[in-house]
Amino acid sequence: MTWRRIAIVVALAGLLALVATACGGGKEMILATTTSTQDTGLLDELVPKFKEETGYNVKVIAVGSGEALSMADRGDADAVLAHAPSSEQALVDKGSLINRQLVMHNDFVIVGPANDPAGIKGMESAVEALTTIADQKAPFISRGDDSGTDKLEKSLWKKAGLDPQGQGWYEESGQGMGATLQITSQRGAYTISDRGTYLAQSSNLDLEVLVEGDPVLLNIYHVMQVNPEQFDRVNGKAGQAFVEFMVSKETQDIISKFGVDKYGRPLFIADAGKSESELGLQ
Amino acid sequence: MSEAKLSLRDVWVRRRGSDILQVPHLDVLPGEVLAIIGPNGAGKTTLLMVLGLLERPFQGEVLFEGEGVRGRELSLRRRMAVVFQEALLLRRSVLDNVGLGLGLRGVPRRQRQERALHWMERFGVAHVARRGSRNLSGGEAQRASLARAFALEPEVLLLDEPFSGLDQPTREALLEELAGVLAETGLTTVFVTHDRDEAVRLGHRVAVLLGGRLRQVGPAADVFAAPVDEEVAAFVGVETMVPAHAVGDAGGLARLEVAGRVIEAVVKGPLAPDVLVCLRPEDVVLAPPDGVMSSSARNRLPGVITRVVPLGAQARVTVDCGFPLVAVVTRRSLEELGLVEGAQVMASFKASAVHLIPRPTAS
Amino acid sequence: MDLIWDGIREAFRILGTGDYSLWEITLRSLFISGSAVAISLFIGIAVGSLLAFNEFPGRNLAFTAVNTGMGLPPVVVGLMVAILLWRSGPLGQLNLIYTPAAMIIAQTIIAAPIVTGFTAAALRSLSPRLRSQLYALGASRLQMLWLVLWEAKLPLLAAVMAGFGGAVSEIGASMMVGGNLAGQTRVLTTAVVLQVSRGEFAPAIALSLVLLALIFAVNLILTTVQQQEQRS
């Protein structure tokens, strides 16, 4: 039997060695954010800078808004960068999130095929556009994943007094913005996307921006810390440092220039320090 | 007892709740060849595995040179060698296989190969040394297996029906070669077989194992000529067994009544009133009914042939003399004497050829 | 169609230049899946030989468990391991979540039943008398194990290859417990998904080609060894 024991000891030793390497502790930080945010590439530029300045190794976990906030609510993250204001506020009220600060915003756009079969191009009201799509039974792809984008879309349907769920022309992808745009493009359908992701992928898509500018289409990003008092193992110092970093003047400069060289216009508008009411004007 | 090489004391082996082997006492003497015979399922292989320290009995002790084996099984196993019915060679060259046991004992490569080759020559397979083990005939593989065992220069050799799976000519050839090597080396050997001829050819002593129990252990001649009970008698090849009643006893010669005839048998010691008369077919001579008998047999019984069964170069002839009597004759004699079913013959056998087994007195 | 041709052409260019951290990701895939398979091999030999050689009550149940384990959906394994390793979970203080170590653990859980099942089958296929013969030749337990494993080395190799194949191509568990972090826990499969979700097909194709080549190479080894064995 001894060799069997040896085998098991070796296996366990191997695992323990791995565990040891993983224990970083103090200088590690988990940032929960959304796939659309990550897909813009903004974090690829900001995170290394943050590491340089503060020494924190940031693990950027990009999932849907729902999951990101759920992670925060379990204490499985140190900071959150999201764009689902009402859900975020609920957690602030609950006490799971603290130090919530406005960072930036961009907007959502309704995109669809160039030939626009539903005829919504140029409409000023997003709700009107969606109502038209429903009337025409034009194919529409929803995120369906409880993300910020998804929540916004559902709120617009509600405002229109419609319930498209279960109807043949309305489909849910259950995936991130990039994948959803792909599906929309392949099907010649309509969807709501944040401008950032759309711009980043537009060269691969057969879609055009058809409706924009409606204030309800604003996509507002906040950064916040997970409350270290509420959960063990939350790195409060790192979370705080990240929030401060995101609203710092330097970072805000970077944000306001991000995307210009690639798309001709910035993907985001930096808003730190402003109050939310100021954003109604775009 | 301390002179025995291997001993079993009060050994029981149980498997799935039933007793498959019960040996209160067995000694394997140094330098002897002990043949263990029995039918399939008698427990012979189990007995061999216990002797070879490859299986631990449920109860009882195994002794090596008088001392218990517990705790030193591995070192003792390395002083013995086992040959199974299948050669069980590994996927490598024959030479590597034959040297395997030596390698396990840490013998250096050069020596290993020398010894392996020496024994492969002895058993006539040196020419296949470099071949892959999958490319051997059954006979070649068993020769390699024997070479592998002898290369270890063991103190005890155990063989479990090593020739059962081979064709007859190969079997006979290997039997002779093995007999030669054993006689030369004087190796303590335990040889398990269900073939009586092999047992007689190789064994100094024979142990008869039936139903997991040793029924008789003794010199080969004794076991075959004087089996201790009916079952052993049947197994060792006594084909004529008839109940008889003692009617007289004078000067070492008993008179027995069987089926209306009287026969005479040599006895030593007291005579039981009811016995089983046993005769080996080799001891019964057949002659034409009125011919002159050249032998000095005391027992002559006329009878009718009821059955003739040819078996290779011989034939088994059953004669009804009032009771069934089985004789074995050569094919030639069969023809010369005109022995066919229904023919009349005179069967005769010596008084000394009759073996008596006491029976419990019937009604 | 243009998309695919452009993608393939661009993919080869990326293979040549090593952009998108291609080789770093490949090495990490090899390291993580390789470690998982190595650990699985130890487990497989220990448990597989137990199943193959020893009789014990509940042996059939154990075999069934191993076979069931082979069919475990990797994403389910990922979820279970993630729940354990999250900070909010029972093993949170190990700080293993989103590390290569966590991925190795998850992939080991996925690969171990495969390797164990194959190993048990391979050892069972050997002649039952063989072990007695080897013991009779004077093998110690360790020597016997080594000889028996060497004798069954072909099916064992197949077991390792199957385990590796399962580990290196799985994505659900790696995503969940690894987080697909650039430079830390990104492997070939998770990288492909990321690139596709970003609409960047050329690097996705390049990464896929590397993954295919890897699996092909691994199978080539097995086939070559098998052929050598058969010839001898």
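As the structure is a computational prediction, the values presented were derived from the model and not from experiment. Along each chain, residues carry numbers from 1 onward, in the same order as the chain's sequence is written. Each chain takes a letter, starting from A, and each ligand takes a number, starting from 1, following the order in which they are written. Where local features are concerned, this predicted model is filtered to residues with pLDDT of at least 70; where side-chain atom pairs are given and counted, the filter is 80 or more; whole-chain, interface and lining totals use all residues.

With reference to specific residues and values, describe the environment of A:Asp78.
Residue and element names in this part refer to chain A. Under the scheme used here, helices are H or I runs from DSSP no shorter than 4 residues and strands are E runs no shorter than 2 residues, and both carry numbers assigned from the N terminus. Within the secondary structure, Asp78 sits in the loop between α4 (65–74) and β3 (79–82). Three exposure classes are used, based on other C-beta atoms lying within 10 Å of a residue's own C-beta, which is placed from the backbone: buried for 20 or more, exposed for 12 or fewer, and partly exposed in between. Overall, the presence of 29 C-beta atoms within 10 Å leaves Asp78 in the buried class. Separated by 66 residues in the primary sequence, Asp78 and Gly144 have C-alpha atoms spaced 26 Å apart. Excluding residues within four positions of it along the chain, Asp78 makes contact with Met29, Ile30, Leu31, Val226, Val234, Asn235, Ala238 and Gly239. Contact between two residues is assigned when their C-beta atoms, built from the backbone, lie within 7 Å.

So, the interface of chain B and chain C: which residues are in play, and what are the values?
Put simply, an interface is often sized by how much accessible area is lost when its parts join up. The partner chain C presents 15 residues to the 17 residues of chain B that form the contact. Looking at the side of chain B that touches chain C, the elements that each hand over two or more residues are α2 (73–77) and α4 (100–104) of chain B. With 3 residues, α4(B) is the single largest residue contributor to the side of chain B that touches chain C. A class-by-class count of the residues in the side of chain B that touches chain C yields 9 nonpolar, 3 polar and 5 charged. Asp, Glu, Lys and Arg are counted as charged, while Ala, Val, Leu, Ile, Met, Phe, Trp, Tyr, Cys and Pro are counted as nonpolar; the rest, among them Gly, fall into the polar class.

Quick one: what's the story with the confidence of the model for chain C, residue by residue and with numbers?
Residue and element names in this part refer to chain C. A score from 0 to 100, pLDDT tells how confident the predictor is in each residue. Looking at chain C as a whole, its pLDDT mean stands at 89, while 98% of the residues score no less than 70. Mean pLDDT in chain C bottoms out at helix α1 (residues 2–17), which sits at 79, and peaks at helix α4 (residues 74–85), which reaches 94. Across the whole predicted complex the pTM is 0.77, and at the interface the ipTM reaches 0.84.

Kindly report on helix α5 (residues 100–124) of chain C, identifying the contributing residues and their values.
Residue and element names in this part refer to chain C. Taking 1.5 Å per residue as the helical rise, α5 with its 25 residues ought to reach 36 Å, and the 35 Å between its terminal C-alpha atoms agrees with that figure. Note on bend: the value at a residue is the angle between axes fitted to the seven residues ending there and to the seven starting there. Ala111 marks where α5 bends most, by close to 30°; the proline Pro113 follows one to four residues later. In terms of burial, α5 is a largely internal element, 23 of the 25 residues being buried. A helix is expected to reach a length of 1.5 Å times the quantity of its residues less one.

Can you tell me about the domain arrangement of chain B, naming the residues and giving the values?
Residues and elements named next belong to chain B. Start and end points for every domain follow an automatic or database-based domain assignment. Domains assigned within chain B are domain 1 (6–233) and domain 2 (238–358). Listed by partner, the interface residues are 6 residues for domain 1 and 6 residues for domain 2. Here the side of domain 1 that touches domain 2 is composed, by residue class, of 4 nonpolar, no polar and 2 charged.

Run through the environment of A:Lys94, naming residues and quoting values.
Topologically, A:Lys94 is positioned in helix α5 (residues 85–94). For the pair A:Lys94 and A:Asp73, spaced 21 residues apart in sequence, the C-alpha separation works out to 9.2 Å.

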